[in-house]
Amino acid sequence: MVSTVSHGWAAVSGLADVLPQARVAAVDGRSTRTSLARRALGTELPAVAGEGGTFALCVLVVTLSRILGQEALRVAVRASDAWRTIEASVGRDQNVLSLQRNIAAGLAAAASEAAPVDAEIGWYLDAELPASWPSGVLVCGALGRDGTLGMSVDEHVLAPVCAEIVAGAFERTWNQLRDAGASPIGALPALAADELRRLSDHERRIGRPSTPEQTIIQCIERWAAQRPDALAVTCDGRSISYRELNDGANRLARRLRASGIRPGMLVAVAMERSTDLVVALLAVLKSGGAYLPIDLSYPADRVEFTLSDAGASVVLTDAASAGRLPASKAEIIVVDRAADAARDAEAENLPSLHRSESLAYVIYTSGSTGRPKGCQVTHANLMRLLTSTEHWFGFDENDVWTFFHSHAFDFSVWEIWGGLVYGGRVVVVSFLASRSPTAFLDLLIAERVTVLNQTPSAFRTLILADQERPQSVEELSLRFVIFGGEALELQMLRPWFRKHGDRKPRLVNMYGITETTVHVTYRPIGMADVEAGTGSVIGEPIPDLCIFLFNALREPVPVGVTGEIFVGGAGVSLGYLNRPELNAERF
């Protein structure tokens, strides 16, 4: 699964081990400054002009192509105090000799001499050329008569350590291409042996996919047998026990099976957050089907598209929501009416119809990068999310969780099933309380919530409400605040840490996306992180997952270079519903 990571502008300190003639230059008219340093290349480059100069240009083009993941580069060359551009395309099947000939031809066309006497070389983003520097330069090089290469790194794209990375990659590429002859450039390793070895070691350190001993259904049935009167779900002053949750779900699951629901079939659930909603979701799983959450506060065309695209044959709703459903051929079951009709029906546990690889739910993405797509998540995907992270959190039956988010947002998966699998209590946060930070803070205190899951933007407003309540340090029972759903800006946590410290509750950032079953990484956050002034940090992968960074050519990038996150392991879902071509690209 792929997600993009980017870095902003930052100052570059340059190389510590280079020759002393360093200078500083402004790039693209920005206030950020970058260092230009020179690195000795020994006797490999006897002079800038002629073949030595074109070979050095060739090496730099290949180096940047590898780091940036770009096959086609535009190289800006300064000759006679004027900038000119040449095109350089690094094909994977191309050899260094043909690339060097292309570069030499470009230089000959760009200047009257075969190669410039003193060249500044860079790759840039557009064709506009200011008087002093090419526009949008990412990396610049200066080839000197003394056989040295100077480089400046623009960190709008490359990370702070890239001055060393580019220099090291240049020297490695130099040695490779010098001896490559007619070998294709794509056949040469882009990373050094020690880097490849480190990545291989990382892959070997990935834990084996966990095989949970029980399913979510079995865990809840066990709590219903062991602690039948323990409270399972609370909403607006009404609570149901584990016995009531399990019995209600069994009755509704029988009704679903009578409607023809079988393993792999989708059942849409279109209701507001409530105790009945939790019963309905569990009933779908017990029936053998997979639930399709529908948030009726979404735009009507989005709701209609989701129902149509997924092809759910049954829709569960309640009396308060039924009138808001779009026209559909699906059977509509109003759960509160169905519960009244089935009050005397059998409430025994049903024989299980699903296997670990069976579909548990389908959640549609927001569609921010195109039309919404339904992510298919299995029972194994879901259960291992909990068992693979329990060593970090130690959740148990004494925990109280909030169900704050829409059930059509995958954070709710963690909120609902995390609380119930471990025998805790799930507090359903009403829509009104979720929109009032003061009311929500009151709820956290009154219900003695221990596990709070929040997007950073929601927690920001809670921090403001908390600052107005000095006694909240003693009143709150929180053990964990877990962030997800968006990037965490660490500086916003400063007032919280000043008041509560960074030990209790423990604040944890968990990066992840729907396609990888909610969470991928784990990173506790402390005051030291805030003081360090770093950006969002996502930490280490969950033990049964792995993360690699690749460039646009899907090659590993060196340490410190921006790339795309590729996630592998037991949390990767089955892919998108009815999207075989997109699945072939993304999964």
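Residues numbered from 1 in each chain as written. Predicted model: local features only at pLDDT ≥ 70, side-chain atom pairs only at ≥ 80, totals over all residues. Heavy atoms only, no water.

## Comments concerning unusual backbone geometry
Alright, step 1. Of note, the bond from Lys504 into Pro505 is cis; its omega dihedral lies within 30 degrees of zero at 0°.
Alright, step 2. Despite not being glycine, Val518 shows a phi value in the positive range, around 75°.
Alright, step 3. Mapped onto the fold, Val518 is located in the loop between β21 (506-509) and β22 (521-525).
Alright, step 4. For Asn578, which is not glycine, the phi dihedral falls at a positive 60°.
Alright, step 5. By secondary structure assignment, the location of Asn578 is in the loop between β26 (575-576) and α19 (580-586).
Alright, step 6. Since its relative accessible area comes to 48%, Asn578 is described here as partly exposed. (Helix = DSSP H or I, 4+ residues; strand = E, 2+ residues; numbered from the N terminus. Buried < 20%, exposed > 50% of the residue type's maximum accessible area, 1.4 Å probe, protein only.)

## What to know about the packing of helix α7 (residues 275-287) against helix α12 (residues 411-421)
Helix packing for two helices is described by the angle between their axes and how far apart those axes are.
Alright, step 1. Viewed as axis vectors pointing N to C, α7 and α12 meet at an angle of 80°, and their least axial separation amounts to 12 Å. As the angle between them shows, α7 and α12 are arranged roughly perpendicular. Counting all contacts with α7, which are made through Val278, Leu281, Leu282 and Leu285, the residues of α12 involved are Ile416, Trp417 and Leu420.
Alright, step 2. Looking at the contact of α7 with α12 residue by residue, the classes come out as seven nonpolar, no polar and no charged. (Axes fitted to C-alpha atoms, helices over the stretch in contact; angles between N-to-C directions. Parallel < 35°, antiparallel > 145°, perpendicular 65-115°, else oblique. Contact = heavy atoms within 4.5 Å. Nonpolar A, V, L, I, M, F, W, Y, C, P; charged D, E, K, R; others polar.)

## As for the confidence of the model for the chain
Parts of the model with low pLDDT should not have their predicted coordinates read in detail.
Alright, step 1. The predicted model of the chain has a mean per-residue pLDDT of 79, with 73% of residues at 70 or higher.
Alright, step 2. Within the model, pLDDT remains below 50 along residues 1-50, and this stretch shows 129 contacts once partners closer than five positions in the same chain are excluded.
Alright, step 3. Here residues 113-135 is modelled with pLDDT under 50, and outside its nearest four sequence neighbours on either side it reaches 86 contacts, counting other chains as well. (pLDDT = per-residue confidence, 0-100.)

## Things to note about the nonpolar core
Alright, step 1. Membership of the largest hydrophobic core comes to 73 residues, with the highest contact counts inside it found for Leu316, Phe393, Trp414, Trp417 and Leu420.
Alright, step 2. The element contributing the most residues to this core is α7, with nine residues.
Alright, step 3. Each residue touching Trp417, except ones within four places of it in the same chain, is listed here: Ile216, Ile220, Leu281, Leu282, Leu285, Tyr291, Leu382 and Leu386.
Alright, step 4. Of all hydrophobic cores here, the second largest spans 32 residues; its members include Phe440, Ile463, Leu493 and Phe497. (Core = buried A, V, L, I, M, F, W, Y, C linked by side-chain atoms within 4.5 Å.)

## Topic: the side chain of Ser388
Alright, step 1. Considering the arrangement of structural elements, one finds Ser388 in the loop between α10 (379-387) and α11 (390-393).
Alright, step 2. Residue Ser388 is classed as buried on the basis of its relative accessible area, which comes to 7%.
Alright, step 3. Here the side chain of Ser388 touches Asp544 through a polar contact of 3.0 Å, side chain to side chain. (Polar contact = N/O pair within 3.5 Å; in protein donor to acceptor, adjacent residues only side chain to side chain.)

## Topic: the pattern of salt bridges
Alright, step 1. Summed over the entire model, instances satisfying the criterion amount to 16 salt bridges.
Alright, step 2. The salt bridge partner of Glu221 is Lys286, with a shortest N-O separation of 2.6 Å. Of the two residues, Glu221 is situated in helix α5 (residues 216-226) and Lys286 in helix α7; the sequence distance between them amounts to 65 residues. In this structure, Glu221 and Lys286 share a single accessibility class: buried.
Alright, step 3. Where Arg243 meets Asp229, a salt bridge forms, and the shortest distance between an N and an O atom there is 2.7 Å. Placement of Arg243 in helix α6 (residues 242-258) and of Asp229 in the loop between α5 and β9 (231-235) is noted, with a sequence separation of 14 residues between them. (Salt bridge = Lys/Arg side-chain N within 4 Å of Asp/Glu carboxyl O.)

## Points about α5
Alright, step 1. Burial in α5 covers these residues: Ile216, Ile217, Cys219, Ile220, Glu221, Trp223 and Ala224.
Alright, step 2. Its buried side turned inward, α5 meets α6, α7, α10 and α12.

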